[in-house]
Amino acid sequence: MPAPPPPWTSEPGGLRLSVRLTPRGGRDALGDPSVGADGRSVLPVRVAAPPLEGAANAALIALLAKVLRMRRSEIAIVSGETARLKVLRLSGDGPALAERLAAALANR
């Protein structure tokens, strides 16, 4: 079976990333990109935080900031604030961010 396409697209001034968040996942970790039921490629992310008062979203942003060596203020949730499927915008050099994200997934 071929690998799914990357769950990110480079755009002017950054990167758009599709994520499937699992709160109370036991630990904070990135999964392998997969194709969701709607046919979109997503990056599964688990966080230990519960989905209460934005704690899981804050943990998601903190994890991505740590893995990609970014400031948390450079990561924003564009859509899906209260849903499992989210679209995030990572500000910066899109191709360089895509390269760092691919390297982080390869080196887990």
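Our subject is the structure that appears above.
Okay, so let's go over this structure. The shown structure was predicted, so the numbers you read here are calculated from the model rather than taken from an experiment.

Quick look at unusual backbone geometry
One non-glycine residue, arginine 24, lies in the positive phi region at around 55 degrees. You can see arginine 24 is positioned in the loop between strand S2 (14–22) and strand S3 (29–30). If you check the backbone angles, arginine 69 has positive phi at about 55 degrees while not being a glycine. Tracing the chain through its elements places arginine 69 in the loop between helix H1 (55–68) and strand S6 (75–79).

Describing the side chain of lysine 86
With respect to the helices, strands and loops of the structure, lysine 86 is situated in strand S7 (residues 85–91). With no salt bridge to any partner, buried lysine 86 finds its closest opposite charge in glutamate 81, at an N-O distance of 6.5 Å. Here glycine 80 takes part through its backbone oxygen, which lies 2.7 Å from a polar atom of the side chain of lysine 86. When near neighbours in sequence (up to four residues on either side) are disregarded, lysine 86 contacts Leu17, Ser18, Val19, Leu21, Asn57, Leu60, Ile77, Ser79, Gly80 and Glu81.

What to know about the nonpolar core
Leu17, Val45, Ile75, Leu88 and Leu90 are the most contacted members of the largest nonpolar core, which totals 27 residues. Elements with a minimum of two residues in this core: S2, strand S5 (41–46), H1, S6, S7 and helix H2 (94–106). Beyond its immediate chain neighbours, meaning those up to four positions away, leucine 17 contacts Pro7, Trp8, Leu43, Leu64, Lys86, Val87, Leu88, Leu90 and Leu101.

Observations regarding H2
Here H2 contains 13 residues, and its C-alpha end-to-end distance of 18 Å stays within 8% of the 18 Å for a straight helix at 1.5 Å per residue. Contacts made by the buried residues of H2 are with strand S1 (8–11), S2, S3, S5, H1 and S7.

Looking at the pattern of salt bridges
This structure, assessed with the given rule, holds four salt bridges. Salt-bridge contacts for glutamate 11 lead to arginine 89; the nearest nitrogen and oxygen are separated by 3.3 Å. Of this pair, glutamate 11 sits in strand S1 while arginine 89 sits in strand S7, and the two are 78 residues apart along the sequence. A salt bridge links aspartate 38 to arginine 40; the shortest N-O distance between them is 3.1 Å. Its relative accessible area of 48% is what places aspartate 38 among the partly exposed residues. Note on arginine 40: relative accessible area 34%, which makes it partly exposed.

Cut-offs used in this document
Residues numbered from 1 in each chain as written. Predicted model: local features only at pLDDT ≥ 70, side-chain atom pairs only at ≥ 80, totals over all residues. Heavy atoms only, no water. Helix = DSSP H or I, 4+ residues; strand = E, 2+ residues; numbered from the N terminus. Buried < 20%, exposed > 50% of the residue type's maximum accessible area, 1.4 Å probe, protein only. Lys, Arg positive; Asp, Glu negative; His and termini not counted. Salt bridge = Lys/Arg side-chain N within 4 Å of Asp/Glu carboxyl O. Polar contact = N/O pair within 3.5 Å; in protein donor to acceptor, adjacent residues only side chain to side chain. Contact = heavy atoms within 4.5 Å. Core = buried A, V, L, I, M, F, W, Y, C linked by side-chain atoms within 4.5 Å. Expected span 1.5 Å × (residues − 1).

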